[in-house]
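Given next are the chains, with one letter for each unit.
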Amino acid sequence: MTPGESIAARAGALCAIPSPVGSERALCDHLESWARTRAEAVRRIGNSLVVDLDGGLLGPARERPLLLLCGHLDTIPVPEPDRGRAPRREGGRLVATGSSDMKGGLAVALELAERLPAWERFCDLGLVLYAQEEGPFAENELAEVLRRVPELGRAALALCLEPTDNRLQLGCVGSIHATLTFRGRQAHSARPWQGENAVHRAGGLLAELAARSPREALSGGLVFREAWSVTRIEGGLARNVIPDRCTLNLNFRFAPDRSLEAAAGEARALAARFGAEVELVDLSPACPARPDLPLLRRLVDRTGVEVESKQAWTDVARLAEAGIAAANFGPGATSQAHQAGEWVELAALEAGYRHLEAFLSSR
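The structure reproduced in this document is the subject of the present report.

**Here we look at the environment of Pro77**
Phase 1: The residue Pro77 is located in the loop between β3 (66-72) and β4 (88-90) in this model.
Phase 2: Setting aside anything within four residues of it in sequence, one finds Pro77 in contact with Pro20 and Val21.

What follows is the structure, given as structure tokens:
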């Protein structure tokens, strides 16, 4: 079987094991069985795995550089139109929840582990396969994996197999979710002057955010764009009652030139300016771009892939906080992440494999 066909079949099999965030056990069990027949050592933490393919990760440190291929096992909850539907091929694509984000990338990593042996690589290789990335920052199991497996700090580079359209995407924006609450006073809607409409009080903030242009910032010579978005809003008791409370979720995607603390301060200041109470509920740091890293230059030189910024949050930020240089590189389509009818191009899976094979090969 050709690598392309094998990867496509493997990706379909991974997608056939549902793993919405918080329900990764079955997929982790499947991958643990696979890993224990092929790796020097395997360590399981919760529903996450650290797979030492060559002995250079969980064994004694060695002279060869250690590289990590990292991927999350979970997907978003299956969208309503896709529930009960098996993975399928349509027009050169694999269609299934998680196919691009990011089981296609996982399939590429597993194929490399089987087809490219240690003696044909310039490095030792490890896999970090972890749960609950699609949920809150604090619940992501990669944090516990990094705490329980300090040997991961030996890695010279970690590649997160997030969907990047087979481009090398450096750094990432940070993310803050904040709950803003506007208070008013209840009244009959026929006599609104007797109350204070909390939904109307939120209008000034909504109008400002709708009119704002994204701020652009440079990191490593690459452009990142900051975005403020209200993603949920709720208010009102009944159709004929002036609402005394309006809550909204504000998501601030901030550039790597801001610290998490500075971004949090800006979110608090914005809420205060419009008279809202604020609670910061999910805070994820940004990660600067590092195009100067020698191993990233090797990847670009050997593959010719394009280099751009990561206009999303990924675990490169968490890895960087742990002292591990990291970048994003995967075969999935960025346009398909978190979509109903999600798909990945089968040709992109094979291309991703060929790129990583060229990068890792000692020839």
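Additional details are given in the paragraphs that follow.
**Some words on the sheet that holds strand β9 (residues 174-183)**
Phase 1: Strand order across the open sheet formed by four strands is β13-β15-β9-β16, with antiparallel pairing between neighbours. Only two strands of the sheet have a single neighbouring strand rather than two, namely β13 (227-235) and β16 (277-284). Pairs of neighbouring strands in the sheet enclose a mean axial angle of 20°, with direction left out of account.
Phase 2: As paired elements, β13 and strand β15 (residues 245-254) share eight bridges and run antiparallel to each other. Bridged to Glu234 within β15 is Thr247.
Phase 3: Sitting on the sheet, helix α6 (residues 203-211) is in contact with β9, β13 and β15, with an inclination near 150° to β13.
Phase 4: The strands that helix α7 (residues 260-273) touches are β9, β13, β15 and β16; relative to β16, the one it contacts most, it runs at about 155°.

**Some remarks on α7**
Phase 1: The end-to-end C-alpha separation of α7 is 20 Å, in line with the 20 Å expected for 14 residues at 1.5 Å each.
Phase 2: Those residues of α7 that fall on the buried side of the exposure criterion are Ala263, Ala264, Ala267, Leu270 and Ala271. Seen from one end, α7 has its buried residues packed into an arc of 120°, which puts them on one side. More than 90 degrees from the buried face of α7, the exposed residues found are Glu261, Ala272 and Arg273.
Phase 3: Check the buried side of α7 and you find it contacts β9, α6, β13, β15 and β16.
Phase 4: One or two residues past the end of α7 sits Gly275, with phi positive at roughly 75°.

**Details of the sheet that holds strand β5 (residues 93-95)**
Phase 1: Read from one edge to the other, the open sheet built from three strands follows the order β4-β5-β19, with strand pairing classed as antiparallel. Each having just a single partner strand, β4 and β19 (343-345) make up the two edges of the open sheet. If you compare each strand with its neighbour and ignore which way they point, the axes differ by 30° on average.
Phase 2: The pairing of β4 with β5 spans three bridges and is antiparallel. In the strand pairing of β5, Glu90 is matched with Arg93.
Phase 3: Contacts from helix α10 (residues 346-360) reach β4, β5 and β19, with the element oriented near 60° to β19.

**A few points about the packing of helix α1 (residues 3-15) against helix α3 (residues 99-115)**
Phase 1: Remark: α1 packs on α3, axes separated minimally by 8 Å, with the N-to-C direction vectors making an angle of 130°. By the angle between their axes, α1 is oblique relative to α3. The crossing of α1 and α3 is right-handed. Contact with α1, carried on its side by Pro3, Ser6, Ile7, Arg10, Ala11, Leu14 and Cys15, involves Ser99, Lys103, Gly104, Leu106, Ala107, Val108, Leu110, Glu111, Glu114 and Arg115 of α3 and no other residues of that element.
Phase 2: Here the residues of the contact of α1 with α3 are counted per class, giving nine nonpolar, three polar and five charged.

**A few points about the packing of α1 against α10**
Phase 1: Close contact between α1 and α10 brings their axes to 9 Å; oriented N to C, the two are set at 115°. Judged by the angle between their axes, α1 and α10 are roughly perpendicular. As α1 packs across α10, the resulting crossing turns out to be right-handed. Of α10, the residues touching α1 (which contributes Pro3, Gly4, Ile7, Ala8 and Ala11) are Leu346, Leu349, Glu350, Tyr353 and Arg354.
Phase 2: A breakdown of the residues in the contact of α1 with α10 according to their chemical character gives seven nonpolar, one polar and two charged.

**Digging into the environment of Val241**
Phase 1: Inspection of the secondary structure puts Val241 in strand β14 (residues 241-242).
Phase 2: Here the alpha-carbon distance between Val241 and Val128, two residues 113 residues apart in the chain, equals 53 Å.
Phase 3: Beyond its immediate chain neighbours, meaning those up to four positions away, Val241 contacts Gln186, Ala187 and Ser189.

Criteria and thresholds
All residue numbers refer to position in the chain's written sequence, counted from 1. A pLDDT threshold of at least 70 governs which residues receive local features in this predicted model, and a stricter bar of 80 or more applies before side-chain atom pairs are shown or counted, although totals over entire chains, interfaces and linings include all residues. Note that the side-chain values use all heavy atoms of the structure and ignore hydrogens as well as water. Secondary structure counts use DSSP, requiring at least four H or I residues in a row for a helix and at least two E residues in a row for a strand, with both numbered from the N terminus. Contacts: residue pairs with any heavy atoms within 4.5 Å of one another. One requirement defines pairing of two strands: DSSP has to find at least two bridges between them. Axis lines are fitted through C-alpha atoms, for helices just across the contact stretch, and the angle between N-to-C directions can take any value from 0 to 180 degrees. Expected span of a helix: the number of residues minus one, times 1.5 Å. Partly exposed describes any residue whose relative accessible area lies between the buried limit of under 20% and the exposed limit of over 50%, with all areas from a 1.4 Å probe on protein chains only and scaled to the type maximum. Directions pointing from the helix axis toward each C-beta atom define the arc. Note on angle classes: values under 35 degrees are labelled roughly parallel, values over 145 roughly antiparallel, values of 65 to 115 roughly perpendicular, and the remainder oblique. By definition, any crossing whose near helix is turned counterclockwise from its far helix by less than a right angle is left-handed, and any crossing with a clockwise turn is right-handed. Residues are grouped as follows: Ala, Val, Leu, Ile, Met, Phe, Trp, Tyr, Cys and Pro are nonpolar; Asp, Glu, Lys and Arg are charged; every other residue, Gly included, is polar.

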